[in-house]
Amino acid sequence: MNQASEAVIEPYTLLRASLSLFKKSPAELEQLQLRQVEVQAKNEFEIESRVLSSAEAAGVVVSDIELERAYQEIRGRFDDEDAFLAALAANRLDVDQLRAALSRQCKVNTVLERVAARAPKVNEVEIGIFYHSHPEKFHKPEQRSARHILISINPDYPENTRDNARRRIEEVLETLKRKPHKFADLALKHSECPTAMQGGELGVVTKGVLYPELDQALFGLKEQAISEVLESEIGFHVIQCLKIVPAETMSLKKATPKIQQIMQDRYRHNCQRTWLASLPAATRSA
């Protein structure tokens, strides 16, 4: 990056864009990444300048309390003052410059919030239409919590040849039929899946997550029931259904707050976007 491009990009805006895009400071970026960040930073600064030049920005004052809260939020990310100041210096900032940039950002946010407040309120009819138009958003499929024991097939190891693996899993299953409460202990002792350390726990799953053979068996079991020996592409399994969580469709009444929030956020965003598009280009002094 040459000196001319550095001069026209406000350091805090550059840092903010860099963290947003790559979660890194500008100094840590590759050249192509830095160019991308520069473009975003310039665009953001130009938009903010247009906001601050608007009639809506007249009379907006950032309080000392608001500014201090924003400053302390950033300061609190660092263990001590020296680390904080070093990070500022590495990004061509000092405390006064940071405070000025934060004041600018707070003012922009206040203006945009005032514009968003003009958005129309969502009504019940719109909520109902959204609910019936997006049924997939409010349907929760059946889920099951499960655990399993795996004996893998691997001809390179005598104990894991196909025949021996089958024999071993059948012995485990015979024990489980007599002592189903020993499932976790047997998983820890015999299972060759990483879940063995958690007693074979697979967690809560929906259809289509597990191997097809396990999936079909699990969703055909009753609670606490244990399957017969199952074979997948990696070996032999025994699976247990611990709990069935029935499918559920959220009622319109229960879904209303969520829908209202989604739609209101959309209206607010559209209101801001329309307003921003109407603003004239800002002058360099803004």
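Residues numbered from 1 in each chain as written. Predicted model: local features only at pLDDT ≥ 70, side-chain atom pairs only at ≥ 80, totals over all residues. Heavy atoms only, no water.

## Some points on the domain arrangement of the protein
(1) Moving on: What the domain assignment lists for the protein is domain 1 (11-118), domain 2 (121-139 + 259-280) and domain 3 (140-246).
(2) Moving on: Distance from the C-alpha centre of domain 1 to the C-alpha centre of domain 3: 53 Å. (Domains from an automatic or database assignment.)

## A short note on the pairing of strand β5 (residues 235-245)
(1) Moving on: With respect to burial, β5 is a largely interior element, 8 of its 11 residues being buried.
(2) Moving on: Inspection of the sheet shows strand β2 (residues 143-152) paired to β5 by 10 bridges, in the antiparallel sense. Considered in β5, the bridge of Leu 150 is made with His 237.
(3) Moving on: Bridge analysis of strand β4 (residues 230-232) against β5 gives 3 bridges, and the strand direction is antiparallel. Bridge pairing in β5 places Ser 232 opposite Gly 235.
(4) Moving on: In this antiparallel pair of consecutive strands, β4 and β5, the connection spans 2 residues. (Buried < 20%, exposed > 50% of the residue type's maximum accessible area, 1.4 Å probe, protein only. Helix = DSSP H or I, 4+ residues; strand = E, 2+ residues; numbered from the N terminus. Pairing = 2+ DSSP bridges.)

## A word on the UniProt feature "domain: PpiC" (unreviewed entry) in the protein
(1) Moving on: Following the UniProt record, one finds the feature "domain: PpiC" (unreviewed entry) at residues 141-243.
(2) Moving on: In this annotation, residues 141-243 is assigned 31% helix and 27% strand; the end-to-end C-alpha distance for the span is 14 Å. (UniProt positions renumbered as here; feature names shortened; annotations may be inferred.)

## Things to note about the sheet that holds strand β3 (residues 201-206)
(1) Moving on: Spatially, the 4 strands line up as an open sheet ordered β3-β2-β5-β4, and their pairing is antiparallel. Of all strands in the sheet, those bounded by a partner on one side alone are β3 and β4. Recorded for the sheet is a direction-independent mean angle of 45° between the axes of neighbouring strands.
(2) Moving on: With respect to the sheet, helix α8 (residues 162-178) is in contact with β2, β4 and β5, its orientation differing from that of β5 by roughly 35°.
(3) Moving on: Of the strands in this sheet, β2 and β5 are in contact with helix α9 (residues 183-190), which crosses β2 at around 40°. (Axes fitted to C-alpha atoms, helices over the stretch in contact; angles between N-to-C directions. Contact = heavy atoms within 4.5 Å.)

## Some thoughts on unusual backbone geometry
(1) Moving on: Despite not being glycine, Lys 23 shows a phi value in the positive range, around 55°.
(2) Moving on: Relative to the helices and strands, Lys 23 resides in the loop between α2 (11-22) and α3 (31-52).
(3) Moving on: Since its relative accessible area comes to 72%, Lys 23 is described here as exposed.
(4) Moving on: Notably, Arg 92 is not glycine yet its phi reads approximately 60°, a positive angle.
(5) Moving on: Within the secondary structure, Arg 92 sits in the loop between α5 (81-90) and α6 (95-116).

## Observations concerning the packing of aromatic side chains
(1) Moving on: This structure, assessed with the given rule, holds 4 aromatic pairs.
(2) Moving on: Ring plane angle 80° and centroid distance 5.7 Å describe the contact between Tyr 71 and Phe 84, whose orientation is recorded as edge-to-face. Of the two residues, Tyr 71 is situated in helix α4 (residues 64-75) and Phe 84 in helix α5; the sequence distance between them amounts to 13 residues. For the residue pair Tyr 71 and Phe 84, the accessibility class agrees, reading buried in each case.
(3) Moving on: One aromatic cluster in this structure is built from Tyr 71, Phe 78 and Phe 84.
(4) Moving on: Positioned above the aromatic ring of Tyr 71 is the side chain of Arg 99, whose terminal nitrogen or guanidinium carbon lies 4.0 Å from the ring centre.
(5) Moving on: Lying across the ring of Phe 45, Arg 104 places its NZ or CZ 3.9 Å from the centre. (Phe/Tyr/Trp six-rings, centres within 6.5 Å; stacked < 30°, edge-to-face > 60°. Lys NZ or Arg CZ within 6 Å of the ring centre and 35° of its normal.)

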